[in-house]
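A closer look at the structure
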Amino acid sequence: MAALVPGAEDPRSPLVELSHVEKHFGELHVLKDINLTVGKGEVLVVVGPSGSGKSTMCRTINRLETIDSGVIRIDGRPLPQEGKELASLRAEVGMVFQSFNLFANKSILDNVTLAPIKVRHMDRKEAEDLAMELLARVGVDSQAAKMPSQLSGGQQQRVAIARALAMHPKVMLFDEPTSALDPEMVNEVLDVMVELAHEGMTMICVTHEMGFARKVANRVVFMADGRILEQNTPEEFFEHPQTDRAKDFLSKIL
Ligand code: ADP
Ligand code: MG
């Protein structure tokens with residue numbers, strides 16, 4: 001099978017960098033001095049209690065949310081506030097959400113071809129070939145003509161991954177991609193993520209799937225109250241959490 005990530009580079013040069021990032025929602029200080037570097041090909045798992053800022057941090061990386069101060073760089077380039085350059089940098093960041101977010105009134109095939117045609121100006125035939133190839137790789141090519149509501153949650157989430165990959169992102173963000181799924185569908189989505197990780201995709205995954213973290217994460221980042229409190233290998237983090245917050249968190253989820 002061909003690689004999902006053609007040309008994935010292995011040297012661990014920084015691909016995503018957050019430096020002194022601050023974010024408020026009104027009075028609420030939701031990201032506090034976030035410093036994070038993700039190397040090319042690295043797989044980061046982000047964990048932490050609900051409300052700790054995990055989703056907001058992901059959303060700042062593709063500018064679904066602005067930041068108050070600090071800098072976010074993608075492949076060395078600071079994310080601009082707006083304009084063409086923002087659109088092109090944003091296209092380098094794929095995102096998969098908890099709720100599948102497919103366009104409900106478009107077929108599975110059209111869901112995947114839309115952005116390559118509109119943003120990358122790919123011609124339809126080329127976009128459809130690419131979409132079918134990606135849908136096959138995530139195992140849902142036989143569903144291409146259907147509408148999203150005709151697919152199971154696990155199938156829809158795999159389409160969402162194929163849709164993100166169609167833009168050839170340099171990094172993929174996953175925000176609790178399996179937490180809205182029925183339990184029997186969790187593994188079919190995690191398996192695609194594991195495969196992507198093995199093929200060298202740079203990934204930031206908010207997930208409490210500890211099996212996934214232990215299997216593929218290079219690093220676990222623990223957030224609480226808007227701060228990164230710990231960063232460590234999965235083995236070290238799960239076996240020897242350093243802070244009381246992390247110990248407390250792990251005692252509740254393990
Ligand atoms: P997590 O993903 O770790 O559960 P979030 O990033 O979703 O945390 O939320 C962090 C905090 O910011 C929470 O207190 C949440 O209620 C708040 N929050 C998130 N999005 C918004 C928003 N758009 N407006 C106001 N508050 C928000
Ligand atoms: Mg969240």
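Here, the structure is the one placed above.
Here the structure is a predicted model, which is why all the values come from computation and not from measurement.

Some remarks on the site of ligand 1
The environment of ligand 1 is formed by F25, L28, V30, P49, S50, G51, S52, G53, K54, S55 and T56. In this structure, S55 approaches ligand 1 through a side-chain N or O atom, which is 2.9 Å from an oxygen atom. Burial of ligand 1 by the protein chains amounts to 58% of its free accessible area of 560 Å². When residues of the shell around ligand 1 are traced back to their parent elements, those giving at least two are strand 2 (28-39) and helix 1 (54-61). A total of three residues in the shell around ligand 1 trace back to one element, the largest contributor, which is helix 1. Tallied by class, the residues present in the shell around ligand 1 amount to four nonpolar, six polar and one charged.

What about the sheet that holds strand 9 (residues 219-224)?
Reading across the sheet, the six strands line up as 6-7-8-3-9-10 and stay open at both edges, with mixed pairing between neighbours. Every other strand in the sheet has two partners, leaving strand 6 (93-96) and strand 10 (227-232) as the edge strands with one partner each. Across the sheet, the axes of successive neighbouring strands diverge by a mean angle of 20°, strand direction being ignored. Here four bridges tie strand 3 (residues 43-47) to strand 9, and the two strands are oriented parallel to one another.

Criteria and thresholds
- For every chain, the first residue of its written sequence is number 1, and the numbers climb from 1 along that sequence.
- Chains carry letters from A onward and ligands carry numbers from 1 onward, assigned in written order.
- Thresholds applied to this predicted model are a pLDDT of at least 70 for local features of residues and 80 or more for the giving and counting of side-chain atom pairs; totals over whole chains, interfaces and linings are not thresholded and use all residues.
- Hydrogens and water molecules were not included; the side-chain quantities draw on all heavy atoms of the structure.
- Whether a residue is near a molecule or strand is decided by its heavy atoms; if any one of them lies within 4 Å of it, the residue is near.
- Polar contact is the term for a pair of N or O atoms within 3.5 Å; when the atoms are in protein, one must be able to donate a hydrogen and the other to accept it, and sequence-neighboring residues count only if both atoms are side-chain atoms.
- Accessible surface is estimated by sampling points in the Shrake-Rupley manner with a 1.4 Å probe; for residues, cover comes only from the protein chains shown.
- The numbering of helices and of strands both runs from the N terminus, where a helix is a DSSP run of H or I of at least 4 residues and a strand a run of E of at least 2.
- Each residue is assigned to one of three groups, with Ala, Val, Leu, Ile, Met, Phe, Trp, Tyr, Cys and Pro labelled nonpolar, Asp, Glu, Lys and Arg labelled charged, and all others, Gly among them, labelled polar.
- DSSP-based pairing: two strands are paired if at least 2 bridges between them are found.
- For every element, the axis is a line fit to its C-alpha atoms; helices are fit only across the contacting stretch, and the angle between N-to-C directions ranges from 0 to 180 degrees.

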